[in-house]
Amino acid sequence: MPVEAIVSDEPTLATVGLDGIPLRRITAPLVRRLQQICVAMISEALADSDLVQLEFAVLVFIDDWPGIHQRTLSEAMGIDRNNVSVIVDRLEQRGLVARSPGVGDRRARQLILTPRGKALWRRFRPNIRAANERVLSALKPAERERFLDMLVRLVQAHRVHARPGAGRRKRRSAGQRK
């Protein structure tokens, strides 16, 4: 059914994009689409780095907070601790990250960038900045700042929901399956 043919007493939830593809004017689907766009643009920016977006994000976090504990990194990024461990293992094997025992708690692992990791992240930082600017390029400069301020406010207000596995369907045991 063409979008123009939708008849309802409710406010219009659908619109037609510039490319003729229907868009739902609902937060979650729009944010998901924006996430897809961001991932594609960042992936292009990292094409020659041999890094994926999450690996690069780990390098950025560690550079911003040298000595960050692996558990804190997991919470800050909203990634399962085991997955962060796998990512850090890969980065450590490549000589980009080093781990050291935590001060006061030797079980905790503090993370720092090696000189090689710092050089790689700094080499690709301009590409990432350009990709982020491209994502926001449809907005005027003042709108960009407002949009980022609003995104930060939304993320902070709903941080309790930004945890690994949130919203995923729970697996059923073999006895529960039909």
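In what follows, the structure referred to is the one given above.
Small disclaimer: the values here were computed from a predicted structure and weren't measured. (Residues numbered from 1 in each chain as written. Predicted model: local features only at pLDDT ≥ 70, side-chain atom pairs only at ≥ 80, totals over all residues. Heavy atoms only, no water.)

**Some thoughts on the packing of helix H1 (residues 27-45) against helix H5 (residues 115-135)**
Line of reasoning, step 1. Across the interface, H1 lies against H5 with an axial gap of 9 Å and an inter-helix angle of 150°. What the angle tells us is that H1 and H5 run roughly antiparallel. In terms of crossing hand, the pair formed by H1 and H5 is right-handed. For the pair H1 and H5, the contacting residues are Leu 34, Cys 38, Met 41, Ile 42, Glu 44 and Ala 45 in the first and Phe 124, Asn 127, Ile 128, Ala 131, Asn 132, Arg 134 and Val 135 in the second. (Axes fitted to C-alpha atoms, helices over the stretch in contact; angles between N-to-C directions. Helix = DSSP H or I, 4+ residues; strand = E, 2+ residues; numbered from the N terminus. Parallel < 35°, antiparallel > 145°, perpendicular 65-115°, else oblique. Left-handed = near helix turned anticlockwise from the far one by under 90°. Contact = heavy atoms within 4.5 Å.)

**Comments concerning the layout of surface pockets**
Line of reasoning, step 1. Reported here for the largest pocket is a volume of approximately 2,900 Å³.
Line of reasoning, step 2. Listed by contribution, the elements that provide at least two residues to the lining of the largest pocket are H1, helix H2 (53-64), helix H3 (70-77), H5 and helix H6 (141-157).
Line of reasoning, step 3. The element best represented in the lining of the largest pocket is H1, accounting for 13 residues.
Line of reasoning, step 4. The residue inventory of the lining of the largest pocket, partitioned by class, reads 33 nonpolar, nine polar and eight charged. (1 Å grid on protein atoms, 1.4 Å probe; cavity = no way out; pocket = protein on both sides within 12 Å on 5 of 7 lines; lining within 4 Å. Points joined across faces, edges and corners; volume = space filled by probe spheres on them. Nonpolar A, V, L, I, M, F, W, Y, C, P; charged D, E, K, R; others polar.)

**Here we look at the pattern of salt bridges**
Where side chains of opposite charge bring their charged atoms close, a pairing between them can arise.
Line of reasoning, step 1. Taken as a whole and judged by the stated rule, the model has seven salt bridges.
Line of reasoning, step 2. We note a salt bridge from Arg 134 to Glu 44, for which the minimum N-O separation is 3.2 Å. Here Arg 134, found in helix H5, pairs with Glu 44, found in helix H1; they are 90 residues apart in sequence, far enough to count as distant.
Line of reasoning, step 3. Between Arg 99 and Glu 92 there is a salt bridge, with the nearest N and O atoms lying 3.3 Å from each other.
Line of reasoning, step 4. On the basis of relative accessible area, Arg 99 is assigned to the partly exposed category, the value being 25%.
Line of reasoning, step 5. Classification of Glu 92 as partly exposed rests on a relative accessible area of 34%.
Line of reasoning, step 6. Salt bridges sharing common partners tie together Asp 63, Lys 118 and Arg 122. (Salt bridge = Lys/Arg side-chain N within 4 Å of Asp/Glu carboxyl O. Buried < 20%, exposed > 50% of the residue type's maximum accessible area, 1.4 Å probe, protein only.)

**A look at the packing of aromatic side chains**
Line of reasoning, step 1. Per the counting criterion, the structure on display carries two aromatic pairs.
Line of reasoning, step 2. Aromatic side chains Phe 56 and Trp 121 sit 5.9 Å apart centroid to centroid with 65° between the ring planes, which places their arrangement in the edge-to-face category. Here Phe 56, found in helix H2, pairs with Trp 121, found in helix H5; they are 65 residues apart in sequence, far enough to count as distant. Here the two residues Phe 56 and Trp 121 agree in accessibility, since each one is buried.
Line of reasoning, step 3. A cation over a ring is seen here: Arg 125 above Trp 121, with NZ or CZ 4.8 Å from the ring centre. (Phe/Tyr/Trp six-rings, centres within 6.5 Å; stacked < 30°, edge-to-face > 60°. Lys NZ or Arg CZ within 6 Å of the ring centre and 35° of its normal.)

**Considerations on the environment of Leu 96**
Line of reasoning, step 1. Assignment of secondary structure puts Leu 96 in the loop between helix H4 (81-93) and strand S4 (97-101).
Line of reasoning, step 2. Taking relative accessible area as the criterion, Leu 96 reaches 1% and is therefore assigned buried.
Line of reasoning, step 3. As a C-alpha pair, Leu 96 and Ile 112 span 16 residues in sequence and 8.8 Å in three-dimensional space.
Line of reasoning, step 4. The contact partners of Leu 96, leaving out residues within four places of it in the chain, are Leu 51, Leu 59, Leu 91, Ile 112, Leu 113, Thr 114, Arg 116, Gly 117 and Leu 120.

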